[in-house]
Amino acid sequence: MSLLRGSPTRLRNWAPKAGWLAWRNYDFQLTTYAVLLTAFGLAMAYSNTVGSTHEPITIDSPFVRSIMWGVIAVVVLGLTTVFDYKWLRSFAWPLYFINIGLLILTLRIGTGTGDAGTAARWVKLAGFQFQFSELAKIIMVVVFAAFLANRQSTIKSPWTIIGILIVLAPPWILVLMQPDLGTSLVLVATVAGLLFLSGASLFWLGTLATAVLAAIPFVWTRMADYQQARLLTLFNPWADPQGAGYQVIQAQTAVNAGGIAGKGLTNGAVALPVATTDFVWGVLAEELGLIGSIVVIILFVLLLWRIVACSWRAQEPFAMLLGAGMAMMIFFQVVVNIGMVIGLVPVTGIPLPFISYGGASLVSLAAGLGTLQSANLRRERPEW
Amino acid sequence: MRPAMPSMSGDLKNVYRFSMFVLAVAVTVTTLGARMFWLQVVQGQQAYRGGANTQLTGIQPVPAARGLIYDANGAPLVQNVEDYSVTVTPIDLPPSMEELVAQRLGSILDVDPVLIETLIDSSTGSLYEPVKIADGIPGQVAGFIEENSDALPGVKIAAAQKREYLTKGLFSDVIGYEGRITKAQYDKFKALGYSDEDIVGQAGLENYYEQDLRGTYGYQTVALDAAGKPIPGLVTKGADPVSGNSLTLNIDSHEQQLATQALAWGIQAAKVKKGVIIVENPQNGKILAMVSLPSYDNQLFADGISATNFQTLLNSPDQPLVNKAVGAQYAPGSTFKLVTGTAGLQDGSINDSSTLVSQPFIQVGEFRYWEWNRKGWGPLNIYQGLAHSSDTFFYQLSQAVGLKDLNYWADQYGFGKPTGIDLPETATGIVPTNAWKQATQNEPMYEGEIMQAGIGQGYDANTPLQLLDAYCAMANGGNLWQPQIVKSITDGATGAVTDVQPVLMNKLPASAQTLQTMRVATRAVVTSRHTYGLVDLPIKVAGKTGTAEFGVPDKRGRLPYHEWFVGYTPANPYVDDFTQPDSQLAVLAFLYGANTWGNVSTEIVKLYMMLHYKLIKRQLYAFSRRTPGYIPTWVYRTTNFYGNANRD
């Protein structure tokens, strides 16, 4: 049976199956949820542009920029869908080194202001600010998936875990040097989720987790003051309401103010720090209320469901691990971003996928989802 | 039917682990949803019923207008004016623009751009905290910067009140100056609502009456933006500030001017650096003039004194920043004989007709204690002893009285303790007791030192004001009044005027007879021509001279000396009657480190009296040899130390 179906697939390896048949496997739900979430993101960008400051919509405003990035994201989504994801597996190592190169470039020529005063997070490309650490998240998913897919036979070995940590280390350190604690945490969470779902040894994972917990006191002493303060304010934001606790208090005040129905788009009044990215959930909760918030959360759940389904249906480990990595990455970012706004997790600079303003994030997500769709299209569908 | 999953190992897609992941998503998402429900529905509604403000707000103090200061005639000595300062907020200044902005600001303010950049870069505070670049800039320049704020990102103009002193340094030592609150002051005033950036009085009346002058600050509530900065316009009024209380002084600007003129003449004539003149009403302790030279211009402080200027003033050996009337102590010399004489009369060692024999010197062990003219006058009574300022007379008297009694009367006259004047009093003098000598030098007072204490030499030290107070107490019949600069305080809110009442610090336990004897004896100092031409004035002055050697001898073994004179007039200055304790005017003059033939301090007091009683016109050149009280030039010629003019 596989012999009969095998030959045409091999021949048209670079493209999906001929004609409309190929698109039977296209997951329209996945794309729809992503587009709906992006629509919410555009709404937030619009609100942040005209809401508080009443500035005119110019070419530089977050809203116009978001639309431009949205268009680019759609093109990227289409291109990656058409592109055969299996090529990525063989391109994994070149991608990995390109990624490291981009991160070093960011450190060398990047600009940006962070809480620590100076930070190198942004690279200007033809008038667009681009954050390569966002792209790094997706590239690293591909690299990890390829790494684990190649080690299927020895997946239970502790060397699998050690190996993937060695792969993780260079980009992780480069991201931390920016400094970008948020992205570094996302990378760790993605690795942890991938190891767990790929079937790595629970014993060695447990050992590693214990070791990490034991190292926390040491890491704590090495953290920058602002990072420590952010973590501590989770437990008592009112300890320093004008300083580190300020963001947390303001964010919860904004969420409070939203009520059930919200104040309506652009009517948010609570002043929020970095309202376009890290604390966009505060704006959303205030302006769209509980109803809007729950709708967005449900959209995220549905999106995750479609990604996990794509992963579950995959017929080869690379595709399955791509889906698992994407699911873990998006899930972690959603939980941490929303959680920090509503005071459940410490404040870390992690954007909310699709909603936060940021071209790199949106384009990277589109590339990731496109790759998953590509995997969907090229799945050998059992004909029952 | 077909076989499941042909190309995957069963291990890879572990159904339990996928289920765990799905479960984790379900649990966390439910938690998020529940928390949103809690915040937005349960807590949110409560917050709104409670009327909670959605905006984080901050409370800003609204400074009150600082109280003003008027002279005795109601003429203002100080006013509050608008002062503009330039600040740069680092967060609003892009690093790429910093150099450009520094250059532009530098050319506007005429400051080195490198200095501006250094100021911005070396700021240790938050990036949101404005860094002060310059203050006291003219309103015109401030307006220019505001108009061009587009070209100067991060640069702001702050307007504040500042003091403008209207008398060009005439009252610097009395009024003092303001400055940034010190750590000690902040700790002390924190409970009263002071902030650690407040400007508070640092010297003089500005310091002593700080809380009166400050008034009550109001406050306003301001909305804060995401960065914690106040949003302009979103201001809610809290309490209005209440203006500070205003002070009216006992000092008349004209009298202060005359006193300054007299002292400045004396300092210039005697070729010295430091001097003090104080005028007081003995009947109630009101200070009518107080000048300490060299002084400083307190407007420098109001305008924001530069660090180098401040260091120059602070380190100058002439102590321009010290009000030497209350902030420094000197040996009183023969003026202290008032205390020794009172002690002798009170404990019966002498009476007003008994005599002690003045001699060339008194021998104590191997030491000889010389009469100041090295001759002596033979037997002297108290009037003659004080008139000649006979050292041997008072050596014998202090031997008879003893250290304990001498110190008792010094204490009764107010030596060695604060006078209670309404100025920061940083010196209180020394009355050398056995206990004091033991504590500081670990030995008792020797016989010779007790004798020297009786003539105001050795360890004796007092502030000029303490000495004047003691003479006032003698002149008014034994009442040691608290010296007072301020006559009345006008409430800043109601305008109600509260007069400052005289405060009796001590009632001398001396008999009226004793004090009358001392008054007549001080008049004898003048009438005996010990003070030369002072007696020729149509007004009747009594007083006592004093010189006190101190410091290091020069090459020929000669010591510089302080020159003192305390003089006072009776209620009717044209009637020669000092039996009544009715004096209305007492004047003290002091010169530091003089080296003159005569006692120039006497001439300073004389000159002040002549100006005060309008015996001469204001200009010194109106003086001629025929004028009564003409000051002969030999008085202030530098001494050759061989002659013996009556300066002691």
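Computed from a predicted structure; not experimentally measured.

Caption draft 1: Layout of the overall build of chain B. For chain B, the helix and strand inventory stands at 20 helices and 23 strands. In chain B, once contacts between residues fewer than 6 apart in sequence are set aside, the share between residues at least 24 apart is 72%. When the accessible surface of chain B is totalled, it reaches about 28,500 Å², and 54% of it is carbon and sulfur.

Caption draft 2: Broad picture of the overall build of chain A. Within chain A, the secondary structure is distributed over 13 helices and 2 strands. Sequence-distant contacts in chain A: of pairs separated by 6 or more residues, those separated by 24 or more amount to 71%. Approximately 16,400 Å² of chain A is accessible, and the part contributed by carbon and sulfur atoms is 71%.

Caption draft 3: Geometry of the sheet that holds strand 10 (residues 246–249) of chain B. Residues and elements named next belong to chain B. Strand order across the open sheet formed by 4 strands is 2-10-18-19, with mixed pairing between neighbours. Of all the strands in the sheet, just strand 2 (69–70) and strand 19 (497–499) have a single pairing partner and so form its edges. In this sheet, strand 18 (residues 486–490) lies alongside strand 10 in antiparallel orientation, the contact comprising 4 bridges. Looking at strand 18, one finds that L249 is bridged to V486.

Caption draft 4: Summary view of the environment of B:L345. Residue and element names in this part refer to chain B. In this structure, L345 sits in helix 12 (residues 337–346). L345 sits 52 residues away from L397 along the chain, and the two C-alpha atoms are 9.7 Å apart. Beyond its immediate chain neighbours, meaning those up to four positions away, L345 contacts I350, N351, D352, T514, T517 and M518.

Caption draft 5: Quick look at helix 17 (residues 447–454) of chain B. All names here are of chain B. Most of helix 17 sits inside the fold, with 6 of its 8 residues counted as buried. For helix 17, the complete set of buried residues consists of G448, E449, I450, M451, A453 and G454. At the exit of helix 17 stands G456, carrying a positive phi of roughly 75°.

Caption draft 6: Region of interest: a nonpolar patch on the surface. A surface patch of nonpolar side chains, amounting to about 360 Å² of accessible area, comprises A:I67, A:V71, A:V75 and A:L79. Tracing the backbone shows A:I67 in helix 3 (residues 62–82).

Caption draft 7: Summary view of unusual backbone geometry. Residues and elements named next belong to chain B. A cis amide bond links L293 with the next residue in sequence, P294, at an omega value of -5°. Here K168, not a glycine, exhibits a phi torsion of approximately 55°, which is positive. The exposure class of K168 is exposed, given its relative accessible area of 76%. Within the chain, R529 stands out as a residue other than glycine whose phi angle is a positive 60°.

Caption draft 8: Geometry of the pattern of salt bridges. Per the counting criterion, the structure on display carries 19 salt bridges over all chains. Between A:K137 and A:E134 there is a salt bridge; the shortest N-O distance is 3.2 Å. Residue A:K137 and its partner A:E134 are located together in helix 5 (residues 132–150), separated by 3 residues, close to a single helical turn. You'll find A:K137 and A:E134 in the same group, each marked buried. For the salt bridge of B:R66 with B:E206, the shortest nitrogen-to-oxygen distance reads 2.9 Å. Placement of B:R66 in the loop between strand 1 (57–62) and strand 2 and of B:E206 in helix 7 (residues 204–208) is noted, with a sequence separation of 140 residues between them. Among the residues examined, B:R66 registers a relative accessible area of 11% and is labelled buried. Here B:E206 falls in the buried class, since its relative accessible area comes to 0%.

Conventions used here
- Residues numbered from 1 in each chain as written.
- Chains lettered and ligands numbered in written order.
- Predicted model: local features only at pLDDT ≥ 70, side-chain atom pairs only at ≥ 80, totals over all residues.
- Heavy atoms only, no water.
- Helix = DSSP H or I, 4+ residues; strand = E, 2+ residues; numbered from the N terminus.
- Contact = heavy atoms within 4.5 Å.
- Areas by Shrake-Rupley, 256 points an atom, 1.4 Å probe, with all protein chains shown as cover.
- Pairing = 2+ DSSP bridges.
- Buried < 20%, exposed > 50% of the residue type's maximum accessible area, 1.4 Å probe, protein only.
- Patch = residues over 30% accessible without salt bridge, like charges linked within 9 Å, V, L, I, M, F, W, Y side chains within 5 Å.
- Salt bridge = Lys/Arg side-chain N within 4 Å of Asp/Glu carboxyl O.

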